[in-house]
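The residues making up each chain are set out below.
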Amino acid sequence: MNQAVAQFAPLLLIMVVFYFLIMRPQQKKFKAHQAMLAALKVGDKVVLAAGFKGRVTKVGEQFYTVDIGQGARIEVEVERNAIAAKAE
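A quick note: this is a predicted structure, and the numbers were derived from the prediction, not measured. (Residues numbered from 1 in each chain as written. Predicted model: local features only at pLDDT ≥ 70, side-chain atom pairs only at ≥ 80, totals over all residues. Heavy atoms only, no water.)

Further remarks concern the side chain of Asp-44. By the secondary structure assignment, Asp-44 is in the loop between α1 (2-39) and β1 (45-48). Non-local contacts of Asp-44, meaning those with residues more than four positions away in its chain, are made with Ala-39, Gly-54, Arg-55, Val-56 and Lys-86. (Helix = DSSP H or I, 4+ residues; strand = E, 2+ residues; numbered from the N terminus. Contact = heavy atoms within 4.5 Å.)

Structure below.
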């Protein structure tokens, strides 16, 4: 019995390390991103996943409208997850 436990101990240790070094930080980052998306409002500057920078003009449940034009008004409708970060 003890020999079987000793054989699985390194595997369990690897799984625990994997959880704390990879999975948990990823979950934390995901929750922070979801909170940022929930807090977005009209007028906020954002960076899209494609690299475009713009200003939110309309907030929807699944889609946001973002103005990406300088001088000219160019509005695109993007999915929530296409917003990578809030720009300062």
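This brings us to the pattern of salt bridges. Side-chain pairs of opposite charge can arise where the charged atoms are in close proximity. Tallied over the entire structure, the rule returns 3 salt bridges. Ionic pairing is found between Lys-41 and Asp-44, a salt bridge with its closest N-O pair at 3.5 Å. In this structure Asp-44 comes out as buried when scored by relative accessible area, which is 9%. Salt-bridge contacts for Asp-44 lead to Lys-86; the nearest nitrogen and oxygen are separated by 3.7 Å. Of the two residues, Asp-44 sits in the loop between α1 and β1 while Lys-86 sits in strand β5 (residues 83-86), which places them 42 residues apart along the sequence. (Salt bridge = Lys/Arg side-chain N within 4 Å of Asp/Glu carboxyl O. Buried < 20%, exposed > 50% of the residue type's maximum accessible area, 1.4 Å probe, protein only.)

Among the nonpolar cores identified, the biggest contains 10 residues, and these are Met-36, Leu-37, Leu-40, Val-46, Leu-48, Val-56, Tyr-64, Val-66, Val-78 and Ile-83. At the level of elements, α1, β1 and β3 (63-67) are the ones that each hand at least two residues to this core. Excluding residues within four positions of it along the chain, Met-36 makes contact with Ile-83, Ala-84, Ala-85 and Lys-86. (Core = buried A, V, L, I, M, F, W, Y, C linked by side-chain atoms within 4.5 Å.)

What follows is about the side chain of Asp-67. Mapped onto the elements of the fold, Asp-67 is located in strand β3. Here Asp-67 is buried and forms no salt bridge, its nearest opposite-charge partner Arg-73 lying at an N-O distance of 4.9 Å. A polar contact of 3.3 Å, which involves the side chain of Asp-67, links it to the backbone nitrogen of Gly-69. (Lys, Arg positive; Asp, Glu negative; His and termini not counted. Polar contact = N/O pair within 3.5 Å; in protein donor to acceptor, adjacent residues only side chain to side chain.)

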